[in-house]
Amino acid sequence: MGMDTAIYARNPTHTSMPLFDSATQAPADPILGLSTQFKEDTRANKVNLGVGVFVDAHGVTPVLPSVRAVEQQLAEAGASKSYLPMTGSPAYATATQKLCFGETLANQFAGRVVTAQTPGGTGALRVAGDFLHRIAGTLPVWLSNPTWANHKGIFTAAGHTLETYAYFDPAANAVDHDAFFSDLKAIPAGQVAVIHACCHNPTGADLTEDDWKQVAAIAADQGWIPLLDFAYQGFGENIDADAVGVRTLAEAGLPVIVCQSFSKNFGLYQDRIGALHIVCASTDEATRVKSQVELCIRTNYSNPPAHGGAIVTAILNDPSLATQWDGEVADMRDRIKDTRTDFVTALEQAGVSRDFRFLMDQKGMFSFTGISKDDVHRLRNEFAIYMVDSGRINVAGITPANLAQVTAAMKAVIG
């Protein structure tokens, strides 16, 4: 008699643990759940404009040549699979600080920035949320309206409450500056505002350099903490220009928290590599902050995965590879920009009644189309065009092979 049989023989009425009986079916994630629906769709002409993954003109998510070259080096040189420190590789911290803040600021902040190598940008956000809860308890965390859907779950799970500040004007398809700055001025001291550093997800509407100067002035006057989600560096204008928000706030002497992701700009989606940076007032403060960050990591995943971080470090520390990588990021960025133009042109030539030229002003992979939820469902059900219910699209999902199909579907639904 096997173990399971023996247990059930002693408990003939037992069929499952009562604790598990209380588990209800969780709602599908609005983005990942859509990907599941897409995979299950058997139509040959299906198009996925929902998932946030870059694809090239052939619909393939590429391994960057610079990444492939480094992986070959790492495979040959690897001598150990031992654990990393809780906050990751010191070399990774130095390299990513320079990428984030620029070499001049990174050197100026030496010893005052706590960096943790994290499992993706999501991991960085969660560690940031846990750290804030550990040192200050439950805090109101302010999110832009709209924002990346997972922000809400991350900061709620970390024990915080949520508030929203105005950001996007759907009538103008642009940042609602008056409402945005008015709401920032109303955030009380000691609370946290999560701001997209560039390539705002989901709207593609970004702040200008002058806007960031106003954000810095307001944060300094009001005393709230800026937490920047920096997931798309290089996908807007270029590596340095996209960091203007991070660097403006840091130069202003503010206690800034930055959550970086290298999924998009290095193409390291499945390697889950990100970085949490916390700018402190002194080296003593940084020592204490690091000790608290380490506690958060220890009770979560203990230490970070190494492979993705090793790739990022090797590329950033090799001038030739770094230049090559910068060019590869530029190629991805240019493809997105060209696709925006091609899509708008195709819609105009098809005689679509709505003006979509605003798509060319937005940055990064994502844009709000302004399409209603009902129209989104029609596109999905009748034409196999998948996008999230908000009408947000991943522009990179449009390729030369499906541009005509997507355009024709838009014309059929919108008129």
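Reading the values: rules and limits
- Residue positions are given per chain, counted from 1 along the sequence in the order it is written.
- Selection of residues for local features in this predicted model requires a pLDDT of at least 70, selection of side-chain atom pairs for listing and counting requires 80 or more, and totals for whole chains, interfaces and linings are taken over all residues.
- Side-chain descriptors were evaluated using all non-hydrogen atoms of the structure, hydrogens and water having been removed beforehand.
- Put simply, DSSP marks the helices as runs of H or I at least four residues long and the strands as runs of E at least two long, and each gets a number from the N terminus on.
- Two things to know: the radius of gyration comes from C-alpha atoms, and the globule rule equals 2.2 Å times the number of residues to the power 0.38.
- Relative accessibility thresholds used throughout: buried, under 20% of the residue-type maximum; exposed, over 50%; partly exposed, between the two (1.4 Å probe, protein chains only).
- Per-residue accessibility takes into account occlusion by the displayed protein chains alone, with areas from the Shrake-Rupley method and a 1.4 Å probe.
- Neither His nor the chain termini are counted; the positive set is Lys and Arg, and the negative set is Asp and Glu.
- Where a charge lies is defined by one atom per residue type, namely NZ (Lys), CZ (Arg), CG (Asp) and CD (Glu).
- Here an axis means a line fitted to C-alpha atoms, over the contact stretch when the element is a helix, while the angle between two N-to-C directions is reported on a 0 to 180 degree scale.
- Should an angle fall under 35 degrees it is taken as roughly parallel, and over 145 as roughly antiparallel, whereas 65 to 115 is taken as roughly perpendicular and any remaining angle as oblique.
- Handedness of a helix crossing follows the sense of rotation of the near helix relative to the far helix, less than a right angle counterclockwise being left-handed and clockwise being right-handed.
- Here, residues are in contact when the closest pair of their heavy atoms is within 4.5 Å.
- Confidence of the predictor at the level of single residues is given by pLDDT, which spans 0 to 100.
- Two strands pair under a simple rule: DSSP has to find at least two bridges between them.
- Patch definition: residues above 30% relative accessible area lacking any salt bridge, with like charges linked at up to 9 Å and the nonpolar side chains Val, Leu, Ile, Met, Phe, Trp and Tyr linked at up to 5 Å.
- Basic side-chain nitrogens of Lys or Arg form a salt bridge, by our definition, when they fall within 4 Å of a carboxyl oxygen of Asp or Glu.

1. Notes on the overall build of the protein chain
Phase 1: For the protein chain, the count of helices and strands is 16 helices and 13 strands.
Phase 2: Since a compact globule built from 415 residues should have a radius of gyration of about 22 Å, the 23 Å found for the protein chain is in line with a globular shape.
Phase 3: On the principal axes, the C-alpha backbone points of the protein chain span a range of 70 × 65 × 50 Å.
Phase 4: Split into buried and exposed, the 415 residues of the protein chain put 50% on the buried side.
Phase 5: Surface summary for the protein chain: the accessible area is close to 18800 Å², and the carbon and sulfur share equals 52%.
Phase 6: Distance between charge centroids for the protein chain: 5 Å, based on 31 positive and 43 negative side chains.

2. So, the packing of helix α15 (residues 373-383) against helix α16 (residues 403-414)
Phase 1: The interhelical angle for the contact between α15 and α16, taken along N-to-C directions, is 125 degrees, at an axis separation of 10 Å. What the angle tells us is that α15 and α16 run oblique. Helix-helix and strand crossings are classified by hand; for α15 and α16 the assignment is right-handed. Contact residues: α15 offers Asp375, Arg378, Leu379 and Phe383, while α16 offers Gln405, Ala409, Met410, Ala412 and Val413.

3. Let's talk about the confidence of the model for the protein chain
Phase 1: The pLDDT averaged across the protein chain works out to 94; a share of 96% of its residues lies at or above 70.
Phase 2: Within the model, pLDDT remains below 50 along residues 5-9, and this stretch shows 4 contacts once partners closer than five positions in the same chain are excluded.

4. What about the sheet that holds strand β7 (residues 192-196)?
Phase 1: Pairing is mixed across the open sheet formed by 7 strands, whose spatial order is β2-β10-β9-β8-β7-β3-β4. The outermost strands of the open sheet, each flanked by one partner alone, are β2 (113-118) and β4 (161-166). Across the sheet, the mean angle from the axis of one strand to that of its neighbour is 20 degrees, orientation sign disregarded.
Phase 2: Across 6 bridges, β2 lies against strand β10 (residues 274-279) in antiparallel orientation. Each residue of the ladder has a partner; that of Thr115, found in β10, is His277.
Phase 3: Sitting on the sheet, helix α5 (residues 90-101) is in contact with β2, β8 (225-230), β9 (257-261) and β10, with an inclination near 75 degrees to β10.

5. Some words on a negative patch on the surface
Phase 1: Taken together, the side chains of Asp331, Asp334, Asp338 and Asp342 make up a negatively charged region of the molecular surface.
Phase 2: Mapped onto the fold, Asp338 is located in helix α14 (residues 319-349).
Phase 3: For Asp338, a relative accessible area of 46% gives the class partly exposed.

6. Quick look at unusual backbone geometry
Phase 1: With omega at 5 degrees, the peptide bond leading from Asn145 into Pro146 counts as cis.
Phase 2: Tracing the sequence through the fold places Pro146 in the loop between β3 (140-145) and α8 (149-157).
Phase 3: Positive phi outside glycine occurs at Cys199, with the angle close to 50 degrees.
Phase 4: For Cys199, the position within the fold is in the loop between β7 and α10 (209-222).
Phase 5: Unusually for a residue other than glycine, Ala384 sits at a positive phi of about 60 degrees.
Phase 6: If you trace the backbone, Ala384 turns up in the loop between α15 and β12 (385-386).
Phase 7: You can call Ala384 buried: its relative accessible area is 0%.

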